[in-house]
Amino acid sequence: HGPLGSDVAVQLTQTFPSAPARRGIGTGAAETSAALFLSRDFGPNHIDLNYLYTWVGLPRAAGDGAADQPAWAISLSHDLGAVWSCGGELYGIGATPLGDRVVSTLWYVAYEPSSRLVLDTGVDVGLTHGPPSYSLLAGLTYGIGYFRKP
């Protein structure tokens, strides 16, 4: 455990251009990201605080080089019993020459019929002009295996 008894993770990511930007897939430039994740359980509640900083590679049409793009998220989930949970998230993504600033919320309900299967659905509600006003979502997560503890 780290600060305030929370779980802490740090991530560094390097992406390389592999898709043709001329077809609208990716930017055609490399990107580097650094992230910090803090997580804590409080009884039936769980909170996550995430911060991500990306040096977004810019395509030639946008001037080459890189643009700084911070992103953050605060999420809270609550167990509603043995198999149901719900949660919400407030998140933001900084503007770049490629896109507007995004501030949005996400609300969901999840059903976990087994330790390996989670079904969820929800709505994302944009708070700024960057994201869509409303987006519906549905997901299925299936665990295909377990990692052994050392």
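Structure shown above.
Position labels on residues start from 1 in each chain and follow its written sequence. Local features in this predicted model are restricted to residues of pLDDT 70 or higher, and side-chain atom pairs are both shown and tallied only at a pLDDT of 80 or more, whereas totals for entire chains, interfaces and linings draw on every residue. Side-chain measures were taken over the full set of non-hydrogen atoms in the model, leaving aside hydrogen atoms and water.

Moving on, we get to a nonpolar patch on the surface. What makes a patch is a set of residues exposed beyond 30% relative accessible area and free of salt bridges, joined within 9 Å when like-charged and within 5 Å when nonpolar (Val, Leu, Ile, Met, Phe, Trp, Tyr). Per-residue and other accessible areas follow the Shrake-Rupley method at a 1.4 Å probe size, with only the shown protein chains counted as cover for residues. Any Lys or Arg side-chain nitrogen located within 4 Å of an Asp or Glu carboxyl oxygen qualifies as a salt bridge. A contiguous nonpolar surface patch, about 800 Å² in accessible area, is contributed by Val8, Val10, Leu36, Leu49, Tyr51, Trp72, Ile74, Leu90 and Leu127. Secondary structure elements are taken from DSSP: a helix is a run of H or I of four residues or more, a strand is a run of E of two residues or more, and numbering for both begins at the N terminus. Of all the secondary-structure elements, those providing two or more residues to the nonpolar patch are strand E1 (7-15), strand E3 (45-57) and strand E4 (66-79). Examined against the element boundaries, tryptophan 72 turns out to sit in strand E4. Exposure is judged per residue with a 1.4 Å probe applied to protein chains only, and the accessible area is read against the type maximum: over 50% gives exposed, under 20% gives buried, and values in between give partly exposed. When its relative accessible area of 34% is taken as the criterion, tryptophan 72 is described as partly exposed.

At least two bridges found by DSSP between two strands are what make those strands a pair. Taken in spatial order, the eight strands make up an open sheet running E1-E2-E3-E4-E5-E6-E7-E8, and their pairing is antiparallel. Edge positions in the open sheet fall to E1 and strand E8 (134-142), since each of these has one partner strand only. For this sheet the average axis-to-axis angle between neighbouring strands, irrespective of direction, equals 15 degrees. Relative to E8, strand E7 (residues 117-126) runs antiparallel, the two being bridged by nine bridges. Looking at E8, one finds that valine 123 is bridged to leucine 136. To define axes, lines are fitted to C-alpha atoms, for helices over the stretch in contact only, and angles between the resulting N-to-C directions are given on a 0 to 180 degree scale.

Another point: the packing of aromatic side chains. Any two of the Phe, Tyr and Trp rings considered here, Trp counted by its six-membered ring, make a pair once their centres fall within 6.5 Å; the pair's planes then place it as stacked at under 30 degrees, edge-to-face at over 60, or tilted in between. For the coordinates displayed, the defined rule picks out two aromatic pairs. Note on tryptophan 84 and tyrosine 111: the rings are 4.8 Å apart at their centroids and 40 degrees apart in plane angle, and the pair reads as tilted. With tryptophan 84 in strand E5 (residues 84-93) and tyrosine 111 in strand E6 (residues 102-114), this residue pair connects regions lying 27 residues apart in the sequence.

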